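# Descriptive structure summary
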Amino acid sequence: MKVIFVGAGPGDPDLLTVKARRLLEGCRICVYAGSLVSPEVVGLVPDECELHDSAGMTLEEIEEVFARAQHLGVDVVRLHTGDPSIYGAIREQMNVLDRLGIEYLVVPGVSSFQAAAAALKTELTVPEIAQTVILSRTSGRTPMPEKQELEHLARTESTLCLFLSVHKLDEVAAELANYYGEDCPAGVVYRASWPDEQVIQGCLADIANKVENAGIKKTAMIIVGQALSHDLPVSKLYHQHFSHGYRTADTEDPGGSS
Ligand code: SAH
């Protein structure tokens, strides 16, 4: 018997991995994060599957489900939104499983920052402009470690993907504008890949107003950085003069980057 932490992806069931879908379709006990996992994804489990919404459960109650499944010798699918490794609160559950002597494994999922980048039709990395992507958040009830406060991250001018922060977008945008500039592009995607997805595009000066006018208060990804601009240097990977391990250029290599 084992517990399988499964990434449910951002919402659209077609964005589940083949492995995740197979596990859901054969699942007998499933604990899912009902606050974020799409009902369509949860709906893939068989009718006879025992379902537990972890949104209203304590860790002890989740432990009881794991322990009973161990007693029955039945695998549990533990379904987490996006990819379980990002703000998934899986460590504490794994500690419980270690204590109970239950084996576990993780099936990765498409994270919401990836679904948001897709909705924005953007590349998060751009040569010479942004070669680093930072996944972070603002402090909420979980405080930020001091060295990872937004101002420190902003100094790098990396592409910033902020989870769990849209309710504080006015503060966030004002702070980031000090480093990225007020005209730096910013995008907010509400419920990326859901049927009611909303994509809001703007710059640090106007994004908070636009998002407020759209009535978005939660379940949204904020992406900030010059990478979102459409008028930037592009990669030389496909340039006719650029050689690499799989293709020889027809003339001199311009010495560019990929
Ligand atoms: N493990 C998840 C993140 C969980 S934290 C992942 O990899 O995506 C929850 C936060 O993720 C939300 O507050 C929101 O910022 C973001 N989020 C989750 N699903 C989303 C979606 N479909 N669209 C936009 N943001 C989403």
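Throughout, residues of each chain are indexed from 1 in the direction in which the sequence is written. For a predicted model such as this one, the threshold for reporting local features is a pLDDT of at least 70, and the threshold for listing and counting side-chain atom pairs is 80 or more; totals across whole chains, interfaces and linings nevertheless cover every residue. Computation of side-chain values: all heavy atoms of the structure, hydrogens and water removed.

### Structural notes on the domain arrangement of the protein
For interface size, the figure often reported is the accessible area lost on association. The test is simple: Note that the domain bounds were set by an automatic or database domain assignment. Residue contacts are defined here by distance: any two heavy atoms, one from each residue, within 4.5 Å place the two residues in contact. Note: buried area is the sum, over both parts, of the accessible area (probe 1.4 Å) each one loses when the two are combined. Every case where a carboxyl oxygen of Asp or Glu lies within 4 Å of a side-chain nitrogen of Lys or Arg is listed as a salt bridge.
Under the domain assignment used here, the protein contains domain 1 (2–107) and domain 2 (112–228). Taking only C-alpha atoms, the centre of domain 1 and the centre of domain 2 are 29 Å apart. On the side of domain 2, twelve residues touch domain 1, which itself brings ten residues to the contact. Buried area between domain 1 and domain 2, both sides added, is near 800 Å², and the carbon and sulfur share of it is 73%. Of all residues in domain 1, the largest losses of buried area upon contact with domain 2 belong to Pro10, Ile86 and Tyr87, amounting jointly to 61% of the total for that side. Here domain 1 and domain 2 share zero salt bridges between them.

### Thoughts on the site of the ligand
We apply this condition: We call a residue near a given molecule or strand whenever any one of its heavy atoms falls within 4 Å of it. Whenever two N or O atoms come within 3.5 Å, that pair is a polar contact, provided that in protein one can donate a hydrogen and the other can accept it, and provided that, for residues adjacent in sequence, both atoms are side-chain atoms. Note on areas: Shrake-Rupley, 1.4 Å probe, and residue coverage restricted to the protein chains presented here. Ten residue types, Ala, Val, Leu, Ile, Met, Phe, Trp, Tyr, Cys and Pro, are classed as nonpolar, four, Asp, Glu, Lys and Arg, as charged, and the remainder, Gly among them, as polar.
Close to the ligand lie 18 residues; Ile86, Ser111, Ser112, Ala192 and Ala220 are nearest. Side-chain polar atom of serine 112 to an oxygen atom of the ligand: 2.6 Å apart, as the coordinates give it. A distance of 2.8 Å is found between an oxygen atom of the ligand and a backbone nitrogen or oxygen belonging to alanine 220. Its free accessible area being 540 Å², the ligand has 96% of it covered by the protein chains. Tallied by class, residues from the shell around the ligand come to eleven nonpolar, five polar and two charged.

### A word on the sheet that holds strand E5 (residues 103–107)
Spelled out, the test is: At least two bridges found by DSSP between two strands are what make those strands a pair. Runs of H or I in DSSP of at least four residues are treated as helices and runs of E of at least two as strands, each being numbered from the N terminus. Where helices are involved, their axes are fitted lines through C-alpha atoms of the stretch in contact, as for all axes, and angles between N-to-C directions lie from 0 to 180°.
Spatially, the five strands line up as an open sheet ordered E3-E2-E4-E1-E5, and their pairing is parallel. With one partner strand each, in any of the chains shown, strand E3 (50–53) and E5 form the two edges of the open sheet. Strand-to-strand twist across the sheet, computed as the mean angle between neighbouring axes with direction ignored, equals 20°. One ladder, built from four bridges, connects strand E2 (residues 29–32) with strand E4 (residues 76–80); its direction is parallel. Residue pairing across strands places isoleucine 29 opposite valine 76, the latter belonging to E4. Helix H1 (residues 18–25) contacts strand E1 (2–7), E4 and E5 of the sheet and is inclined by roughly 130° relative to E1. Its contacts with the sheet put helix H3 (residues 59–72) on E1, E2, E3 and E4, and the angle it makes with E4 is roughly 150°.

### Details of the pairing of E4
For the record, the criterion: For the exposure calls, accessible area comes from a 1.4 Å probe over protein chains only, and a residue counts as buried if that area is under 20% of its type's maximum, exposed if over 50%, partly exposed in between.
A large share of E4 lies buried, amounting to five of its five residues. Residues Val76, Arg78 and His80 of E4 are buried on one face, and the alternating residues Val77 and Leu79, pointing to the opposite face, are buried as well. Across five bridges, E1 lies against E4 in parallel orientation. Bridge pairing in E4 links valine 3 to valine 76.

### Some points on helix H5 (residues 112–119)
All of the buried residues in H5 are Phe113, Ala115, Ala116, Ala117 and Ala119. For H5, the elements touching its buried residues are strand E6 (133–137), strand E7 (159–163), strand E8 (185–190), strand E9 (198–203) and strand E10 (220–224). Of the residues flanking the end of H5, it is lysine 121, one or two places downstream, whose phi is positive at about 50°.

### Observations concerning the nonpolar core
Definition in use: The set of buried Ala, Val, Leu, Ile, Met, Phe, Trp, Tyr and Cys residues whose side-chain atoms join them within 4.5 Å is what this entry labels a nonpolar core.
Judged by nonpolar contacts, the single largest core of 25 residues is most densely connected at Leu160, Leu176, Val188, Leu204 and Val224. Residue assignment for this core shows that the elements contributing at least two residues are helix H6 (150–154), E7, helix H7 (169–180), E8, helix H8 (207–213) and E10. Of the residues forming this core, the biggest block, six residues, is contributed by H7. Excluding residues within four positions of it along the chain, leucine 160 makes contact with Ile134, Leu150, Leu153, Leu176, Tyr180, Ile222, Ile223 and Val224.

### Observations concerning unusual backbone geometry
The backbone phi angle of leucine 164 is positive, close to 55°, even though this residue is not glycine. Structurally, leucine 164 is set in the loop between E7 and H7. One non-glycine residue, threonine 219, lies in the positive phi region at around 50°. If you trace the backbone, threonine 219 turns up in the loop between H8 and E10.

### Let's talk about the side chain of serine 111
In this structure, serine 111 sits in the loop between E5 and H5. If sequence neighbours within four positions are ignored, serine 111 has contacts with Gly82, Asp83, Ile86 and Phe163.

### Details of the sheet that holds E9
Pairing is mixed across the open sheet formed by five strands, whose spatial order is E6-E7-E10-E8-E9. The sheet terminates laterally at E6 and E9, the two strands that pair on one side only. The mean angle between the axes of side-by-side strands here comes to 20°, regardless of whether they run parallel or antiparallel. Summarising the sheet, E6 and E7 pair through five bridges and their orientation is parallel. Among the inter-strand pairings, valine 133 is bridged to a residue of E7, identified as threonine 159.

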